[in-house]
Amino acid sequence: MSSKRLPQHFPVELSIVIPLLNEAESLPELTRWIHRVLTQHGLTYEVLLIDDGSTDDSWEVIEDLAQDDVHLRGIRFNRNYGKSAALDTGFRAAQGRVVCTMDADLQDSPEELPELYRMITQDGYDLVSGWKKKRFDPISKTIPTKLFNGVTRWLSGIQLHDFNCGLKAYNHRVVKAVEVYGEMHRYIPVIAKWAGFRKIGEKVVQHQERKYGTTKFGLERFVYGFLDLLSITFVSRFRKRPMHFFGTVGTLSFLVGMLITLWLVGEKLYLAAHNLKARSVTDQPLFFLALVAVIVGVQVFVAGFLAEMVSLSGSRKNQYLIREKLNLS
Ligand code: UDP
Ligand code: MG
């Protein structure tokens, strides 16, 4: 690059965003551990604890901890919105040059943070995803996870082993550019890639068994996860131009239906003109197929128009009601 850019100023080098739901027991140990590792490495940092509507005393614990730790900042949702919502809100509030996410349950190790920071700032990665090569999860989770990762790799073309790892690091530009909602936290690398951040890396990370509490996701995660993948694949391709999809499919279906109908009518006329015996057009199964194709074609086409209008009105999806904030304006 020839023109010299002014260095951008960041209040801290590293922001750690931690979504949490009922993790009161883990928080003291987690924040102490983060503090120890990052001060050893001389990194300036902030920890953003996003309380996703906990019903235990997680928020009280956060308030207590924040009294003697200036690095801690907190946001408390009014109710449970989900991990994606918590991450998205943390991303908006993060001030660091690098933003890392990690789970609150001590399954991810803070020891990985300095190396992740280095990979973003020195190796120039936009995003580095943790890879729990050796997992400490029940088999009911590890096998579906393999399948899920395979499908996501294939659909997205991103060669990651472990899309859903909670431990990830981002260049700040990435987190300010992407919007995460629904259950999309599993696909942030996919969203980032489609937003134009192509340098995506991977780092093998340590994984521990959950020390306190229980998992917050059941098996339905795989069903929702798969549906979400379909919607991001679709939305990222056609969000700005839904008519390209609906218009094409609708027109094709309509044309196929029309051609079959014309064929049937033509055949009938031909046979009648030659005084041959002909079946009535409506007596033939093919006619009903043609009819369905025409109707479906028109419907899909109209759906395309509606989608165009919706995408024009394009409001931001993420309006979460925040109940309280700590050390945040
Ligand atoms: N989590 C959250 N909101 C939710 C569900 C989970 O903030 O609705 C947090 C949870 O507290 C933890 C992280 O997301 O910090 C990962 O959840 P969990 O450990 O239950 O998932 P697993 O490790 O079983 O995939
Ligand atoms: Mg966990």
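Residues numbered from 1 in each chain as written. Chains lettered and ligands numbered in written order. Predicted model: local features only at pLDDT ≥ 70, side-chain atom pairs only at ≥ 80, totals over all residues. Heavy atoms only, no water.

By the naming in an unreviewed UniProt entry, the protein goes by Glycosyltransferase family 2 protein and is assigned to Hymenobacter lutimineralis.

Asker: Let's hear about the coordination of the magnesium ion (ligand 2): which residues, and what values?
Answerer: Donor atoms from the polypeptide that coordinate the magnesium ion (ligand 2) comprise D105 (OD) and Q107 (OE1), at 1.9 Å from the metal. The exposure class of D105 is buried, given its relative accessible area of 4%. (Donors = N, O, S within 2.8 Å, 3.2 Å for Na, K, Ca; no water. Buried < 20%, exposed > 50% of the residue type's maximum accessible area, 1.4 Å probe, protein only.)

Asker: Describe the site of ligand 1, and please don't skip the residues or the numbers.
Answerer: If you check the shell around ligand 1, you find 18 residues, and the closest are E23, D52, D105, T215 and K216. Between P19 and ligand 1, the recorded distance is 2.9 Å, taken from a backbone N or O atom to an oxygen atom. Here an oxygen atom of ligand 1 and a side-chain polar atom of N80 are 3.2 Å apart. Protein burial of ligand 1: of its 530 Å² of free accessible surface, 94% is covered by the chains. When grouped by side-chain class, the residues that make up the shell around ligand 1 number 5 nonpolar, 4 polar and 9 charged. (Near = heavy atom within 4 Å. Polar contact = N/O pair within 3.5 Å; in protein donor to acceptor, adjacent residues only side chain to side chain. Areas by Shrake-Rupley, 256 points an atom, 1.4 Å probe, with all protein chains shown as cover. Nonpolar A, V, L, I, M, F, W, Y, C, P; charged D, E, K, R; others polar.)

Asker: Can you break down unusual backbone geometry residue by residue, with the values?
Answerer: Here N22, not a glycine, exhibits a phi torsion of approximately 55°, which is positive. Considering the arrangement of structural elements, one finds N22 in the loop between β1 (12-20) and α1 (27-40). Residue class for N22 comes out partly exposed when judged on its relative accessible area of 24%. The phi angle at N327 is positive, at roughly 55°, despite the residue not being glycine. Structurally, N327 is set in the segment after β8 (322-326). (Helix = DSSP H or I, 4+ residues; strand = E, 2+ residues; numbered from the N terminus.)

Asker: Before we move on, could you go through the pattern of salt bridges and cite the residues and values that matter?
Answerer: All told, the structure shown has 14 salt bridges when counted by the stated rule. Here E324 makes a salt bridge to R76, at a shortest N to O gap of 2.8 Å. A residue pair is termed long-range when its members are at least 10 positions apart, and E324 in strand β8 and R76 in strand β3 (residues 72-77) qualify at 248 residues. For E183, the salt bridge goes to R186, with nearest N and O atoms at 3.5 Å. Overall, the relative accessible area of 23% leaves E183 in the partly exposed class. Ionic contacts of the salt-bridge type, sharing partners, join the residues E23, D105, R210 and K216 into one network. (Salt bridge = Lys/Arg side-chain N within 4 Å of Asp/Glu carboxyl O.)

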